[in-house]
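# Results of the structural survey
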Amino acid sequence: LASTFAMGIEYAILMPTVWKYVQSVGGTKTHLGLLLAGFSMTRTISFLIVGYWSDRRPMREPFVFSFILGAIGSLLYGVAGGLNSLGVMMLGRLVAGIGAASTTLNQTYIARAASVDQRTKLLSLCRGCAVLGIASGPVLNLFLLKLDDSDLCTGRFCLNSMTSSGYVMAVMNVLLCLLFTFLFVEPPPQVSSRSASYHRPEDVGAIQESKYHEIEEMEEPSALQAINIVICQRAGWFCLMINFVTGFEMTALETAVTPITAEQYGWGTQENSYLFGAITVIAILAIVSTIVFDKQSCCSSRLVILLAQVSLGIAFAVALGACGGADIPLWGLFTFGGFLVYGVVLQATPALGVYSTMIGDFDKGVFMGYSQIVLGVARILGPLFAGVTLEFHTHWLLMAAACGVYAFTPVSFPFVW
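Residues numbered from 1 in each chain as written. Predicted model: local features only at pLDDT ≥ 70, side-chain atom pairs only at ≥ 80, totals over all residues. Heavy atoms only, no water.

## Details of the overall build of the chain
Applicable threshold: A run of H or I in DSSP becomes a helix once it reaches four residues, and a run of E becomes a strand once it reaches two; helices and strands are each numbered from the N terminus. Think of it in three bands: residues with accessible area under 20% of the maximum for their type are buried, residues over 50% are exposed, and the middle band is partly exposed, with areas taken using a 1.4 Å probe on protein chains only. In this analysis, two residues are considered to be in contact whenever any of their non-hydrogen atoms come within 4.5 Å of each other.
When you go through the chain residue by residue, the secondary structure sums to 15 helices and two strands. Each of the 417 residues in the chain was classed as buried or not, and the buried ones make up 56%. Sequence-distant contacts in the chain: of pairs separated by 6 or more residues, those separated by 24 or more amount to 82%.

Take a look at the structure:
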């Protein structure tokens, strides 16, 4: 939970300032997309490595390794301003992305340590810690903005509202490294599917029984057989698709929002901090909704995901109707963003909870790594696409592509559930 909270803080203090920071070292909107996508790329590559590591070694080891690299990457991001180097800034985010692969360890820990009926609630709590970290963003940014009024630049070192996000995260990663080294409690040992017969979990989710092929009990299933069972026969691909939609939509919005508000409304770091604070409130509402729905016997994961699809449908109806032109009205941006954030956050946790149940006795670190890889690929494509399309005069291409990605989920829904 502490690790997740720290990731939320990083998001909160970096996103409102990153566009201004990129501009300060001579970067463009395309460079902004590359910077955010590069972080996601190295994180995605690292997911399977730390997942495999956590399945076969004490989980403390990959956690501490991730925090060390996170501290190094954040420090490089901070010093890039004093060096006036876009390259060092890029390098810092690439290294920090490797460190951020610890997010898959958080989910793996819950999958291994929690009972099936507790996973959705604990995953919601984990996501809530991230949102709580994000909620602290406006307050932290108001404090960090005061650094701009002080002359704290000496030689190659410069401390201001833009570089401070790197230094703050470097300190937090060092603290997490110390905490996990001495206080972390290892989860129960991984139960390998290769040492016991495979049994299908009874509570694999609300997917109709007819959608499954009958799986005979087998001993020592190979890696390909495990993938076929979880991803294909149990329709785990649908949960992975939801992961992709969540990652693409959120990162595309994150990349586009600060350039849009700066150019059209003249907003700076403070106003954007308030905007991300409002986004956080909506995300908290979605998480609370998930917890409330989970306690109701009449509300299955299928119903919650269906409600999320309705919210996303409203968001894209507004996007295509009001937000595609050269100028996006403020009410349109708020309405689109509100329904979009609520929908993607609402569907993410139930989908992940069902997916963790589908894994059964197979290696949870590896399969959670697959989930994070899909999310990571989406987080690479979202910023890249948004950064490029922002160079155009209108926003039709951005909105149409985001709507097209969303459409895969409701179209697939009837064939899965």
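Next, the rest of the story.
## Describing empty space enclosed by the protein
The condition is simple: Within this scheme a cavity is a closed region of a 1 Å grid, computed over the protein atoms alone, that accommodates a 1.4 Å probe without allowing it to escape, whereas a pocket is open but has protein on both sides within 12 Å along at least five of seven lines; lining residues each have an atom within 4 Å of a point. Grid points are joined across faces, edges and corners, and a volume is the space filled by probe spheres set on the points.
Counted by the stated rule, this structure contains four cavities of 30 Å³ or more. The space that makes up the second largest cavity amounts to roughly 130 Å³. If you go around the second largest cavity, you meet 13 residues; those closest to its centre are Ala 252, Leu 253, Phe 336, Leu 398 and Met 399. Every element with two or more residues in the lining of the second largest cavity is listed here: α10 (236–265), α13 (330–359) and α15 (396–416).

## Here we look at the nonpolar core
For the record, the criterion: Nonpolar cores are built from buried Ala, Val, Leu, Ile, Met, Phe, Trp, Tyr and Cys residues. Side-chain atoms within 4.5 Å join them into one set.
Counting 53 residues, the largest nonpolar core has Met 89, Phe 316, Phe 336 and Leu 340 as its most contacted members. Apart from residues lying up to four places away in sequence, Met 89 is in contact with Tyr 21, Val 22, Val 25, Leu 35, Tyr 77 and Ala 80. Grouped together as the second largest cluster of nonpolar side chains are 18 residues, Ala 6, Ile 9, Leu 147 and Phe 180 included.

## Details of unusual backbone geometry
Even without being glycine, Asn 84 reaches a positive phi, approximately 55 degrees. If you trace the backbone, Asn 84 turns up in the loop between α3 (60–83) and α4 (86–99). The exposure class assigned to Asn 84 is partly exposed, which follows from its relative accessible area of 49%.

## Some points on the side chain of Ser 165
Selection rule: Here a polar contact is recorded for every N or O atom pair within 3.5 Å, except that within protein the pair must consist of a potential hydrogen donor and a potential acceptor, and residues adjacent in sequence are included only if both atoms are side-chain atoms.
Topologically, Ser 165 is positioned in helix α8 (residues 164–183). Judged by its relative accessible area of 3%, Ser 165 is buried. Only 3.1 Å separates the side chain of Ser 165 from the backbone oxygen of Met 162, close enough to count as a polar contact. Not counting chain neighbours up to four residues away, the residues in contact with Ser 165 comprise Ile 13, Leu 14, Thr 17 and Tyr 77.

## A word on the side chain of Ser 66
Structurally, the position occupied by Ser 66 is in helix α3. Apart from the residues lying within four places of it in its own chain, the contact partners of Ser 66 are Val 50, Ile 98, Gly 99 and Ser 102.

## Focus: the packing of α10 against helix α11 (residues 269–295)
When two helices pack together, their arrangement is given by the angle between the helix axes and by the axis-to-axis distance. We count it as follows: Note on method: axes are straight lines fitted to C-alpha atoms, helices fitted across the in-contact stretch only, with angles between N-to-C directions ranging 0 to 180 degrees. In this scheme, roughly parallel covers angles under 35 degrees and roughly antiparallel covers those over 145, while 65 to 115 is roughly perpendicular and the rest are oblique. By definition, turning the near helix anticlockwise from the far helix through less than a right angle yields a left-handed crossing, and turning it clockwise yields a right-handed one. Side-chain classes are defined by residue name, with Ala, Val, Leu, Ile, Met, Phe, Trp, Tyr, Cys and Pro counting as nonpolar, Asp, Glu, Lys and Arg as charged, and the others, Gly among them, as polar.
Across the interface, α10 lies against α11 with an axial gap of 11 Å and an inter-helix angle of 135 degrees. When the axes of α10 and α11 are compared, the pair comes out oblique. Where α10 crosses over α11, the handedness of that crossing is right-handed. In this structure, α10 uses Val 257, Thr 258 and Thr 261 to contact α11, whose residues at the interface are Asn 272, Leu 275 and Phe 276. Looking at the contact of α10 with α11 residue by residue, the class counts come to three nonpolar, three polar and no charged.

## Details of α13
Applicable threshold: The span one expects for a helix is its residue count, reduced by one, times 1.5 Å.
Under the 1.5 Å per step criterion, the end-to-end length of α13 is 43 Å for 30 residues, consistent within 8% with the ideal 44 Å. Extensive coverage of α13 is indicated by the burial of 24 of its 30 residues.

## Some points on α4
For α4, spanning 14 residues, the distance from its first C-alpha to its last is 20 Å, which sits close to the expected 20 Å at 1.5 Å a residue. Turning to α4, its buried residues number three or more, namely Leu 86, Val 88, Met 89, Met 90, Gly 92, Arg 93, Val 95, Ala 96, Gly 97 and Gly 99. The N-cap of α4, judged by a side-chain oxygen 3.4 Å from the amide nitrogen of Gly 87 a few residues on, is Ser 85.

## Some points on a nonpolar patch on the surface
The condition is simple: By definition, no residue in a patch forms a salt bridge, and every one has over 30% relative accessible area; like charges are joined within 9 Å, nonpolar side chains (Val, Leu, Ile, Met, Phe, Trp, Tyr) within 5 Å. Using the Shrake-Rupley algorithm and a 1.4 Å probe, accessible areas are obtained, with residue cover drawn only from the displayed protein chains. Here, a salt bridge means any Lys or Arg side-chain nitrogen found within 4 Å of an Asp or Glu carboxyl oxygen.
On the surface, a nonpolar cluster with roughly 710 Å² of combined accessible area is contributed by Val 171, Val 174, Leu 175, Leu 178, Leu 179, Phe 182 and Leu 183. Position of Leu 183 among the secondary structure elements: in helix α8.

## Overview of the environment of Leu 253
On the secondary structure map, Leu 253 appears in helix α10. Apart from residues no more than four positions distant in its own chain, Leu 253 is found in contact with Phe 336, Leu 340 and Val 341.

## Observations regarding the packing of aromatic side chains
Heads up, the condition is: Pairs were defined over the aromatic rings of Phe, Tyr and Trp, the Trp ring being its six-membered one, requiring ring centres within 6.5 Å. Orientation was assigned from the angle between planes: stacked under 30 degrees, edge-to-face over 60, tilted for the rest.
Per the stated rule, a full pass over the model turns up nine aromatic pairs. Relative to Phe 67, the ring of Phe 63 has its centre 5.9 Å away and its plane inclined at 25 degrees; by these criteria the two rings are stacked. Here Phe 67 and Phe 63 lie together in helix α3, a separation of four residues that amounts to about one turn. Owing to a relative accessible area of 2%, Phe 63 belongs among the buried residues under this scheme.

## What about the packing of α3 against α8?
Relative to each other, α3 and α8 sit at 165 degrees, their axes nearing to 7 Å. Overall, the two elements α3 and α8 adopt an arrangement that is roughly antiparallel. When the axes of α3 and α8 are compared, the crossing they make is left-handed. Here Arg 60, Phe 63, Val 64, Phe 67, Ile 68, Gly 70, Ala 71, Ser 74, Leu 75, Tyr 77, Gly 78 and Val 79 of α3 come into contact with α8, specifically with Ser 165, Gly 166, Tyr 167, Met 169, Ala 170, Asn 173, Val 174, Leu 176, Cys 177, Phe 180 and Thr 181.

## Observations concerning the environment of Leu 35
Within the fold, Leu 35 resides in helix α2 (residues 29–56). Sequence separation between Leu 35 and Pro 383 is 348 residues; the distance between their C-alpha atoms is 8.4 Å.

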